[in-house]
Amino acid sequence: MTTVKFIVQAAPGTPLIVQFEPQGTEFELAPGDYLTVERPVPGKGGLLGGVTHEPDRLTLSEPEGGTARLWNSRGKELPVFGY
């Protein structure tokens, strides 16, 4: 399966809560800290998932038929479970 990797980073001076749905798993990032997210790219016609941004929160919804992988800024893989 094809995947895409991207960085989610908190702005300097502002913490950020990153939430994964449908699991409800949350991680709080300190100002300037980041997570690396790897998500599957669904096949043709598959749902890509969603992104919702609020001032202090980012919610990432899982793409159809896939599970994200996640690493903190020190390279440690964090547990995020898909459906």
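Look up a bit, the structure's there.
Enquirer: Which residues make up the overall build of the protein, and what are the values?
Expert: Counting its regular elements, the protein contains zero helices and eight strands. A compact globule built from 83 residues would reach a C-alpha radius of gyration of about 12 Å, and the protein, at 13 Å, matches this within 12%. With respect to the principal axes defined by its C-alpha atoms, the protein has extents near 40 × 25 × 20 Å. Going through the 83 residues of the protein one by one, you find that 35% of them count as buried. Within the protein, contacts between residues at least 6 apart in sequence are counted, and of these 51% link residues at least 24 apart.

Enquirer: Go over the sheet that holds strand β6 (residues 57–61) with me, naming the residues and quoting the values.
Expert: On the basis of which strands lie adjacent, the open sheet formed by four strands has the order β3-β2-β6-β5 and mixed pairing. Taken across any chain shown, the strands that pair with only one partner, and hence form the sheet edges, are β3 (25–29) and β5 (50–54). Here the average twist between neighbouring strands, direction ignored, is 15 degrees. In terms of strand pairing, β5 meets β6 through five bridges, oriented antiparallel. Residue pairing in the sheet places G50 in a bridge with S61 of β6.

Enquirer: Tell me about the packing of aromatic side chains, and please be specific about residues and values.
Expert: Two descriptors summarise a pair of aromatic rings, namely the distance from one centre to the other and the angle between the planes of the rings. Under the criterion given, the structure shown has one aromatic pair. For the pair F20 and F27, a centre-to-centre distance of 6.2 Å together with 80 degrees between the ring planes defines the contact as edge-to-face. We note K5 situated over the ring of W71; from NZ or CZ to the ring centre the distance is 5.0 Å.

Definitions and limits used
- Residues numbered from 1 in each chain as written.
- Predicted model: local features only at pLDDT ≥ 70, side-chain atom pairs only at ≥ 80, totals over all residues.
- Heavy atoms only, no water.
- Helix = DSSP H or I, 4+ residues; strand = E, 2+ residues; numbered from the N terminus.
- Rg over C-alpha atoms; globule rule 2.2 N^0.38 Å.
- Buried < 20%, exposed > 50% of the residue type's maximum accessible area, 1.4 Å probe, protein only.
- Contact = heavy atoms within 4.5 Å.
- Pairing = 2+ DSSP bridges.
- Axes fitted to C-alpha atoms, helices over the stretch in contact; angles between N-to-C directions.
- Phe/Tyr/Trp six-rings, centres within 6.5 Å; stacked < 30°, edge-to-face > 60°.
- Lys NZ or Arg CZ within 6 Å of the ring centre and 35° of its normal.

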